[in-house]
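Given next are the chains, with one letter for each unit.
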Amino acid sequence: MRVPFAAELRATELNSGREIWGETTNLSKGGCFVRTRESFPHDTLLLIEINNCGVRFVTDARVAYALEREGMGLSFLNIPGNQLRILEEWLFSTVVKQSVRPSWGATE
């Protein structure tokens, strides 16, 4: 399940060291979409760093698809255990925030 999630992302190509900066638009346990001006090609292996409110999530990823001038979908690879806890906390807190939205006009 993907949830809306906006955070700064830095993607570094493992072979060349080239970096791209962008912003995530959604997040799941398996990956995310990142809005960027330029993208890496499909299947490029990356080291990614997502920064959200002072917390940093770092893992390897692969470009699942790239949309010219829009961004790219990333699949996370080999997430370290300590990083998986960060990802799960972000996903949990996002789902909780969405489920406690006020229902305007509801009667008690």
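As shown above, the structure is provided for reference.
The rules we used
Residues numbered from 1 in each chain as written. Predicted model: local features only at pLDDT ≥ 70, side-chain atom pairs only at ≥ 80, totals over all residues. Heavy atoms only, no water. Helix = DSSP H or I, 4+ residues; strand = E, 2+ residues; numbered from the N terminus. Buried < 20%, exposed > 50% of the residue type's maximum accessible area, 1.4 Å probe, protein only. Contact = heavy atoms within 4.5 Å. Polar contact = N/O pair within 3.5 Å; in protein donor to acceptor, adjacent residues only side chain to side chain. Pairing = 2+ DSSP bridges. Patch = residues over 30% accessible without salt bridge, like charges linked within 9 Å, V, L, I, M, F, W, Y side chains within 5 Å. Areas by Shrake-Rupley, 256 points an atom, 1.4 Å probe, with all protein chains shown as cover. Salt bridge = Lys/Arg side-chain N within 4 Å of Asp/Glu carboxyl O.

Caption draft 1: Region of interest: the overall build of the protein. The helix and strand inventory of the protein stands at one helix and seven strands. In the protein, the order of α-helices and β-strands from amino to carboxyl end is β-β-β-β-β-β-β-α. A burial count over the protein gives 37% of its 108 residues as buried. Counting only contacts in the protein whose residues sit at least 6 apart along the sequence, the fraction spanning at least 24 positions is 51%.

Caption draft 2: Focus on the side chain of Thr36. Relative to the assigned elements, Thr36 resides in the loop between strand 4 (31–35) and strand 5 (45–52). Within polar-contact distance, the side chain of Thr36 engages the backbone oxygen of Glu38 at 2.7 Å. Look past the residues within four positions of Thr36 in its chain and what remains in contact with it is Ile20, Trp21, Gly22, Arg69, Glu70, Gly71 and Met72.

Caption draft 3: Inspection of unusual backbone geometry at higher detail. At Asp43, a residue that is not glycine, the phi angle is positive and equals roughly 75 degrees. By relative accessible area, Asp43 is classed as partly exposed at 40%. The phi dihedral of Asn78 falls on the positive side, at around 50 degrees, and the residue is not glycine.

Caption draft 4: Geometry of the pairing of strand 4. Among the five residues in strand 4, four count as buried, and that is most of the element. In terms of strand pairing, strand 3 (residues 19–27) meets strand 4 through four bridges, oriented antiparallel. Along strand 4, the bridge assignment pairs Leu27 with Cys32. Remark: three residues form the turn of the hairpin made by strand 3 and strand 4, two consecutive strands paired antiparallel. Across five bridges, strand 4 lies against strand 7 (residues 71–77) in antiparallel orientation.

Caption draft 5: Quick peek at the environment of Ala11. Checked against the element boundaries, Ala11 lands in strand 2 (residues 8–13). Between the C-alpha atom of Ala11 and that of Trp21, which follows or precedes it by 10 residues, the distance is 6.3 Å. Among residues more than four places away in sequence, those in contact with Ala11 are Arg18, Glu19, Ile20, Phe40, Leu46, Leu47, Ile48 and Met72.

Caption draft 6: Spatial organisation of a nonpolar patch on the surface. A cluster of nonpolar side chains, namely Leu14, Leu45 and Leu47, defines an oily patch on the protein surface of about 240 Å² accessible area. Structurally, the position occupied by Leu45 is in strand 5.

Caption draft 7: A look at the pattern of salt bridges. According to the stated counting rule, one finds seven salt bridges in the structure shown. Notably, a salt bridge pairs Glu19 with Arg10, separated by 3.7 Å at the nearest N-O pair. Residue classification places Glu19 among the partly exposed residues on the basis of a relative accessible area of 39%. Among the ionic pairs, Arg62 bridges to Asp43, the shortest N-O distance being 4.0 Å. In this pair, Arg62 is assigned in strand 6 (residues 55–67) and Asp43 in the loop between strand 4 and strand 5, connecting sequence segments 19 residues apart. The network of salt bridges with common partners includes Arg10, Glu19, Glu49 and Arg56.

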